[in-house]
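Reading the structure
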Amino acid sequence: MAAFTWGWGLFANRTVRAAQKLASPATLPDKSPLPAGKHPDLILLSDKPLNAETPPHLLDDAVTPADKLFIRNNGLEPTTIDVKTWTLTIDGESVKKNTVFTLEDLKKKFKHYTYQLVHECAGNGRSEFSPAGRGNQWTTGGVGCCEWTGVRLRDVLEAAGIKDDAVYIGYYGKDTHLSGKPGEVPISRGVPMRKALEDEALIAWAMNGKDIPLVHGYPLRVLFGGWPASTSGKWLTRISIRNKVHDGAKMNGHDYRLPIHPIAPGARIPEDNEHFRIIEAMPVKSLITYPKTGAQVATGKPLEVRGHAWVGDLQVKEMHTSIDFGATWQKCTLKEPRNRNCWQHWTTQINFPDKGYYEVWARATDSNNKMQPMLVPAWNPGGYLNNACHRIAVEII
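Because the structure is predicted, anything quoted here is derived from the model rather than measured.

**Quick look at the sheet that holds strand β22 (residues 356–366)**
With mixed pairing, five strands are arranged side by side in an open sheet as β16-β23-β22-β18-β19. Every other strand in the sheet has two partners, leaving β16 (295–297) and β19 (330–331) as the edge strands with one partner each. Here β16 runs beside strand β23 (residues 390–396); their pairing, made up of three bridges, is parallel. Counterpart to Q296 in the pairing with β23 is E395.

Now the structure itself:
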């Protein structure tokens, strides 16, 4: 019994601690800091800036609903928005002509597209690194896969004109810095031109068929599925076509960057281009969305297990589960993605040999035959890209 309780605690305690934290009057006053319409079980990580993650069992939908999508902010959302006067400026060293588009221009002048895109914080899973990485201690819920509607970024950039020396784009939004200093930018990141010109790179105004919620970037944002969510700027007002790697806020130091060479946990190295590289496509990963950890199942009854798997710019090739701590693996049924940069749904049925405590582990393999590690991967100062196998606890009674 003692062993069972200890093992169960590996998975249950984090949820209990998070629930206790949310219930604390010091953390959660009479009025919840979560925006109206958000699921009350989202776990608040910080309220200024507002950051909240989604428990994995709430991510069971094929398309992530707006109320269950995680929240990730670096600054404060705009307090005033007038869609009638909202504009998007295309400028930069490598634009042929500085061009300004209204929302109506975007909707009327360009063809509309809808894609379902994986959107994941690069720090998702940070809480498992030791020593801890700097920033919010995300567990597994900094991910979602909503349906986005808008126009291709490529079409808008080409309308303004792209010079031959273009190598990168950088975005700017209307969010404000926590310091309140005029002109101080909380975040301004971007992607290389090869990513910016892909079909699935969108300037979007709708999420799941409705206006994008304010907390997720209303009225306009840019989307790059499969890359860190920090590249997908909210409250979009400007995109610069650069003749160099974008040098906006959160593009330097070790922000959204990894050591080029492996380093020991806790080691310090110079935060420059000689030692750090920018994170681009996200690694292969999966999530168990049903059942919820702590499930109890009758002896002799098979357990249906399901979830999602995804990987950067590639495709997930195989999905497996294990109930013996990775000694053996059982292949799952894996669906094709709806479109590129969309997650893939998987299902399986598991038969347990006897009563007692079990852990269900999930492991995805991508189209380049790279598998999720069973343990937390290489340590890095930012606590980025933890794609270790997700696992839940199950009791057979």
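Right, picking up where we left off after that structure.
**Some points on the UniProt feature "domain: Moybdenum cofactor oxidoreductase dimerisation" (unreviewed entry) in the chain**
What UniProt calls "domain: Moybdenum cofactor oxidoreductase dimerisation" (unreviewed entry) maps, in this numbering, to residues 278–395. Helix makes up 0% of residues 278–395 and strand makes up 45%, while its end C-alpha atoms are separated by 42 Å.

**Thoughts on the nonpolar core**
I90, L106, L153, I203, L220 and I239 are the most contacted members of the largest nonpolar core, which has 39 residues in total. Those elements giving two or more residues to this core turn out to be β3 (87–91), α2 (103–109), α3 (153–160), β7 (168–173), α4 (193–196), β9 (202–207) and β12 (236–242). Broken down by element, this core gets its largest block of residues, four residues, from α3. Leaving out residues up to four positions away in the same chain, L153 has contacts with A196, A201, L202, I203, V222, F224 and I239. Listed in part, the 20 residues of the second largest apolar core include V311, V316, F352 and I396.

**Looking at empty space enclosed by the protein**
Within the structure shown, the criterion is met by one cavity of 30 Å³ or more. Counted as a void, the largest cavity has a volume near 240 Å³. Contributing to the lining of the largest cavity are 20 residues, with R72, A229, S230, S232 and K234 lying nearest its centre.

**A short note on the environment of K234**
By the secondary structure assignment, K234 is in the loop between β11 (221–223) and β12. Of the residues examined, K234 reaches a relative accessible area of 11% and is grouped as buried. If we skip the residues at most four places from it in the chain, K234 touches R72, N73, G173, K174, V215, H216, G217, L220 and R221. Within the structure, K234 has its side chain in polar contact with the side chain of N73 (distance 2.6 Å). Within the local environment of K234, its side chain forms a polar contact with the backbone oxygen of V215, the two atoms lying 3.0 Å apart.

**Here's the deal with the pairing of β9**
Of all the six residues making up β9, six are buried; the element is thus mostly covered by neighbouring parts of the structure. Two elements, strand β6 (residues 143–152) and β9, share five bridges in a ladder whose sense is antiparallel. Paired with V151 across the two strands is I203, which belongs to β9. Summarising the sheet, β9 and strand β10 (residues 210–211) pair through two bridges and their orientation is antiparallel. Residue pairing for β10: M207 is matched across the bridge by K210. Counting the residues between successive antiparallel strands, the hairpin from β9 to β10 contains two residues, one of them, N208, with a positive phi of roughly 55°.

So, how was this worked out
- Residues numbered from 1 in each chain as written.
- Predicted model: local features only at pLDDT ≥ 70, side-chain atom pairs only at ≥ 80, totals over all residues.
- Heavy atoms only, no water.
- Pairing = 2+ DSSP bridges.
- Helix = DSSP H or I, 4+ residues; strand = E, 2+ residues; numbered from the N terminus.
- UniProt positions renumbered as here; feature names shortened; annotations may be inferred.
- Core = buried A, V, L, I, M, F, W, Y, C linked by side-chain atoms within 4.5 Å.
- Buried < 20%, exposed > 50% of the residue type's maximum accessible area, 1.4 Å probe, protein only.
- Contact = heavy atoms within 4.5 Å.
- 1 Å grid on protein atoms, 1.4 Å probe; cavity = no way out; pocket = protein on both sides within 12 Å on 5 of 7 lines; lining within 4 Å.
- Points joined across faces, edges and corners; volume = space filled by probe spheres on them.
- Polar contact = N/O pair within 3.5 Å; in protein donor to acceptor, adjacent residues only side chain to side chain.

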